[in-house]
Amino acid sequence: MNIALIAHDQKKKELIDFVKDNEKLFSKHTLYGTGTTGKKIMENTNLHIARFLSGPYGGDQQIGNLIALGQMDMVFFFRDPLTAQPHEPDISALMRLCDVHSIPLASNKATALIFLNIL
Ligand SMILES: O=C(CO)COP(=O)(O)O
């Protein structure tokens, strides 16, 4: 599967720990990420992440493009609901495209844990 990994700054540690804990499962898939999230996951695991731009600079939109093209199977996007994001329209657009194309989106760890069953 093609899987996108994205986290806002306050959620990066949570996503990195989650990916580390499940590294063997994730290693079976092709992984994509926004710039900083992808970099930090690669620094903390042996996984390769195809990185796009950082979220505020267009990374969310680039991942949305792959969703629109039917080239993304699952999205893990640990969002920070308590901090205003300058690129909120891009974030909404990414989540909207997941709904338009019926792509599973885990926006928090509880959902991500359930998604593990189908990795
Ligand atoms: O802002 C993001 C998602 O909206 C994530 O971007 P980074 O991974 O570059 O921090």
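Residues numbered from 1 in each chain as written. Predicted model: local features only at pLDDT ≥ 70, side-chain atom pairs only at ≥ 80, totals over all residues. Heavy atoms only, no water.

A. Highlighting the site of the ligand. The local shell around the ligand holds 16 residues, among which Lys12, Thr34, Thr37, Ser54 and Asp60 are the closest. With respect to the ligand, the side chain of Thr34 contributes an N or O atom lying 2.7 Å from an oxygen atom. Contacts to the ligand include Thr37, whose side-chain N or O atom sits 2.5 Å from an oxygen atom. Relative to its unbound accessible area of 310 Å², the ligand is 96% covered by the protein chains. Of all the secondary-structure elements, those providing two or more residues to the shell around the ligand are β1 (2-7) and α3 (35-44). In terms of residues, the shell around the ligand owes the most to one element, α3, which gives three residues. Taken together, the residues that form the shell around the ligand break down as five nonpolar, eight polar and three charged. (Near = heavy atom within 4 Å. Polar contact = N/O pair within 3.5 Å; in protein donor to acceptor, adjacent residues only side chain to side chain. Areas by Shrake-Rupley, 256 points an atom, 1.4 Å probe, with all protein chains shown as cover. Helix = DSSP H or I, 4+ residues; strand = E, 2+ residues; numbered from the N terminus. Nonpolar A, V, L, I, M, F, W, Y, C, P; charged D, E, K, R; others polar.)

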